[in-house]
Amino acid sequence: MPNDHADAALDAVLARLNTALRNKDVEGVARLFQDDCYWRDLVLFSWNLRTLEGHAQIRDMLASQLPQVEPVRFTRDDREAVADEDGLLQGWLHIDTNLARGYGHIRVKDGKIWTLLTTMSELKGYEEPSGTRRPKGAEHGNRRERQTWLEKREQEAAELGYQTQPYVLIIGGGQGGIALGARLRQLDVPTIIIEKNERAGDSWRKRYKSLCLHDPVWYDHLPYIPFPENWPVFAPKDKVGDWLEMYTKVMELNYWTSSVCQSARYDEHKQEWEVTVLREGKPVVLRPKQLVLATGMSGKPNIPRFPGQDEFQGEQQHSSQHPGPDAYRGKNVVVVGANNSAHDICAALWEGGANVTMVQRSSTHIVRSDTLMDIGLGGLYSEQALANGMTTRKADLTFASLPYKIMAQFQIPLYDQMRERDAEFYAKLEKAGFMLDWGDDGSGLFMKYLRRGSGYYIDVGACDLIIDGSIKLQSGTDVSHLAREAVVLKNGVTLPADLVVYATGYGSMNGWAADLISQDVADKVGKCWGLGSDTTKDPGPWEGEQRNMWKPTQQEGLWFHGGNLHQSRHYSQYLSLQLKARQAGLPVQVYGVQGVHHKR
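These notes cover the structure that comes with them. (Residues numbered from 1 in each chain as written. Predicted model: local features only at pLDDT ≥ 70, side-chain atom pairs only at ≥ 80, totals over all residues. Heavy atoms only, no water.)

**Quick word on the packing of helix α5 (residues 175-186) against helix α7 (residues 237-250)**
As a reminder, the rule being used: Only C-alpha atoms enter the line fits that serve as axes; for helices the fit covers just the stretch in contact. Angles between N-to-C directions range over 0 to 180 degrees. Under the DSSP-based scheme used, a helix requires at least four consecutive residues in state H or I and a strand at least two consecutive residues in state E, with every element numbered from the N terminus. Here the angle decides the label: under 35 degrees means roughly parallel, over 145 means roughly antiparallel, 65 to 115 means roughly perpendicular, and every other value means oblique. By the definition used in this description, the sense in which the near helix is turned from the far one sets the handedness, with an anticlockwise turn below a right angle giving left-handed and a clockwise turn giving right-handed. When checking whether two residues touch, look at their non-hydrogen atoms; a contact exists if any pair is within 4.5 Å.
Between α5 and α7, the shortest axis-to-axis distance is 10 Å and the interhelical angle comes to 20°. In terms of axis orientation, α5 runs roughly parallel to α7. The chirality of how α5 crosses α7 is left-handed. Along the contact surface, α5 presents Q175, I178 and A182, while α7 presents L244, Y247 and T248.

Below you can see the structure in the form of structure tokens.
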């Protein structure tokens, strides 16, 4: 039902905001916000990903950026109802600036703005060719020597990288590189994606055979082509791989398989990169203006060093290299680690007939999949959410509308519910000796993911094997050393081993920059991922957004793109618009390029 009072109240706030912006009254804009306030901007005002906290930061951003973006106008999206719950107004907004159209969300308390989300949707004059602007495809009429669609595609593929240069080069052809490549294709930005494997999707196919998505289908769509309605809730890895391969073809991506990036350097004088690629064994030198590392949010495999590793007579693998359980029936396997990969691998090894022991060196946050789907995601990403009118775009923007600074306070009650619902399950795990945690502040899985990208497991069955002893557990200890045929723990226990799997996570993405470009450049841009929350593995100071992800870095022309399927879908839009603006020669003035506080 329409709520005329709520509509009018929000319209009044927007009218005051528009008047202050029109009058270039920066102080007046700031006064429209609560003292404790947040303005999260995704590219529209800042040409950056920035969350402004408090009046002083809002004033500073507007003083810098308002002359570049005016005239600005906020209008309520009258297709969406304004919510009014306990005095908190929430509404959706259209936003217009001189160069772009945007969309946003607002929360108002006591007549003043508490949170504001502003996002860039499209650049004026560079809109995607969809809807009424969709291409015809077929060329009607008669013309000699005209090319078919296939001939044009073959010519483009043959020339790009040789006769013509890409504007953007994406290193890494997993879901991140593919999603960004699709966005750039729609914006007519010449792009090449470099993938070391033989086929698109092999980054999924070549992982251990039990791997599947732990996030549900509603959370995992790629841009433009949602999964079909009969797609499984949790897609197996090979099915994901096939989808990615299909997607690269349907979206007409210039996707170089069996290609390895050997080196890259930035030419300051020419303002471009010189990148040497070995494509199917033949060297090619590319000169893109923009270089995107889409090599995986988790970065380089982190393999710990223990005494005796060179003396151990069995196999040693990082979890990213583990092929699956088939070769290990009847073998003794030690898995070092206790997060998602460790649990998946242990469960698959047990099913395959191996004798497997998990070594848990530090506590892990566990949440049961069904409970997470219900309490944690159900309102935004579920069949019920769809029935309630929740679209993927609206869900993404709703999640984005909560500033990271206050997100934990919204998450804590949800995880309190989960802990209460599954209390008996957690009691059994602790009785088995498993060390549990709920994050440093009890905010659970999502904040752990955003802060450090590790430290959790979404339980799809492995915990039951720990509880009943099928997966043996050694917790609260670390590896002392490896002997010829065993792993010796610091608690004195010796574990016979034919295979050791290091499910020990990954380093920062700038480690790839060190390998590809130089350690100096890696140090110049600094650590990727994390918020600066000053919690475990996320050292301060507070940054407010993910370090270096999807936004300008301290190295001109170098970008990082990654994350889960949800983030690859959502943030690829903002990264593609930043790249398009530069390719089009628009006057891009970046506000607040992130400083460097940590190099690793």
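**Remarks on the pairing of strand β3 (residues 73-76)**
This is how it is decided: Three labels apply to residues, based on accessible area from a 1.4 Å probe with only protein chains included: buried if under 20% of the type maximum, exposed if over 50%, partly exposed otherwise in between. In this scheme, strands are said to pair when DSSP sees at least two bridges between them.
Only one face of β3 is covered, namely the one carrying F74 and R76; the face carrying R73 and T75 has none of its residues buried. Where β3 meets strand β5 (residues 88-96), 4 bridges bridge the pair, whose relative direction is antiparallel. Each residue of the ladder has a partner; that of T75, found in β5, is H94.

**Some details on the packing of aromatic side chains**
Put simply, the rule is: A pair of Phe, Tyr and Trp rings is counted when the ring centres sit within 6.5 Å of each other, with Trp represented by its six-membered ring. The angle between the planes then sorts it: under 30 degrees is stacked, over 60 is edge-to-face, the rest tilted. Think of it as a cone above the ring: NZ of Lys or CZ of Arg counts as a charge over the ring if it is within 6 Å of the ring centre and within 35 degrees of the ring normal.
Going through the model one piece at a time under the given rule, you end up with 20 aromatic pairs. Taken together, a centroid distance of 4.1 Å and an interplanar angle of 10° make the contact between W550 and Y571 stacked. Taken together, the residues span a long stretch of sequence, with W550 in the loop between α17 (519-525) and β25 (558-560) and Y571 in helix α18 (residues 565-583) at a distance of 21 residues. For the pair formed by W550 and Y571, the shared burial category is buried. An aromatic cluster is defined as three or more aromatic residues linked by ring pairs; in this entry it consists of Y449, Y456, W529, W550, Y571 and Y574. The cationic tip of K109 hangs over the ring face of W114; the distance from NZ or CZ to the ring centre is 4.2 Å. Between the NZ or CZ atom of R279 and the centre of the ring of W256, over which it lies, the distance is 4.0 Å.

**Describing the sheet that holds strand β11 (residues 259-267)**
Spatially, 3 strands are ordered β11-β12-β13 in an open sheet, and the strand pairing comes out antiparallel. In the strand order of this sheet, the two ends are held by β11 and β13 (282-286), each with one partner. Looking at each pair of strands side by side, their axes are set apart by 15° on average, direction ignored. Where β11 and strand β12 (residues 272-279) come together, 8 bridges link them in antiparallel fashion.

**Looking at empty space enclosed by the protein**
Quick note on the threshold: Using a 1 Å grid laid over the protein atoms alone, points where a 1.4 Å probe fits but cannot get out form a cavity; open sets with protein on both sides within 12 Å along at least 5 of 7 lines form a pocket; any residue with an atom within 4 Å of a point counts as lining. Grid points are joined across faces, edges and corners, and a volume is the space filled by probe spheres set on the points. Classification used: nonpolar for Ala, Val, Leu, Ile, Met, Phe, Trp, Tyr, Cys and Pro, charged for Asp, Glu, Lys and Arg, polar for all others including Gly.
The full count for this structure, using the stated rule, is 5 cavities of 30 Å³ or more. Here the largest cavity defines a volume of roughly 100 Å³. Along the wall of the largest cavity there are 14 residues; nearest its centre are F399, Y404, L450, H566 and Q567. Looking at the lining of the largest cavity, the elements with two or more residues in it are α11 (392-400), α12 (404-421), α14 (444-452) and α18. Here the lining of the largest cavity is built from residues that sort into 9 nonpolar, 3 polar and 2 charged.

**A word on the packing of helix α9 (residues 369-377) against α12**
Between α9 and α12, whose axes approach to 10 Å, the crossing angle comes to 145°. α9 and α12 meet at a crossing whose hand is right-handed. Contact residues: α9 offers T371, L372, D374, I375 and G376, while α12 offers L414, Y415, Q417, M418 and R421. Of the residues belonging to the contact of α9 with α12, the class tally is 5 nonpolar, 3 polar and 2 charged.

**Details of the pattern of salt bridges**
Put simply, the test is: Salt bridges are defined by distance alone: a side-chain nitrogen of Lys or Arg within 4 Å of a carboxyl oxygen of Asp or Glu.
Under the definition given, this model contains 36 salt bridges. With a closest N to O distance of 3.8 Å, E122 and R133 form a salt bridge. You can see E122 sitting in strand β7 (residues 112-123) and its partner R133 sitting in the loop between β7 and α4 (149-159), a full 11 residues away along the chain. With a relative accessible area of 21%, E122 lands in the partly exposed category. What you see here is one network of salt bridges that share partners, running through R199, D202, R205, D242 and E245.

**Describing the environment of H561**
Under the convention used in this document: Two N or O atoms count as a polar contact when they lie within 3.5 Å, although within protein this holds only if one can serve as hydrogen donor and the other as acceptor, and sequence-adjacent residues are included solely when both atoms are side-chain atoms.
Among the structural elements, H561 can be located in the loop between β25 and α18. A C-alpha to C-alpha distance of 25 Å links H561 and Y502, two positions 59 residues apart in sequence. Of note is the side chain of H561, whose polar atom sits 3.4 Å from the side chain of W550.

**Focus: the nonpolar core**
Across soluble globular proteins, nonpolar side chains show a tendency to be buried alongside one another. Operational definition: Grouping buried Ala, Val, Leu, Ile, Met, Phe, Trp, Tyr and Cys residues that are joined through side-chain atoms within 4.5 Å yields what is termed a nonpolar core.
Ranked by size, the top nonpolar core spans 168 residues in total, and within it F45, F74, L291 and V335 carry the most contacts. With residues up to four places along the chain from it excluded, the contact list for V335 reads A342, I345, C346, L349, V356, T357, M358, V359, V501 and A503. F312, V336, V359 and L482 belong to the second-largest nonpolar core, a separate cluster that totals 13 residues.

**Here's the deal with the state of the cysteines**
By definition, a disulfide links the sulfur atoms of two cysteines through a covalent bond. Stated formally: When two cysteine sulfur atoms lie within 2.5 Å, the pair is treated as a disulfide.
As enumerated under the stated definition, the model contains 0 disulfides in all. No disulfide involves C528; its sulfur sits 16 Å from that of C261, the nearest cysteine.

**Considering the environment of R484**
Its place among the elements puts R484 in the loop between β21 (479-482) and β22 (486-489). Owing to a relative accessible area of 52%, R484 belongs among the exposed residues under this scheme. Distance in space between the C-alpha atoms of R484 and A9 is 73 Å, their sequence separation being 475 residues.

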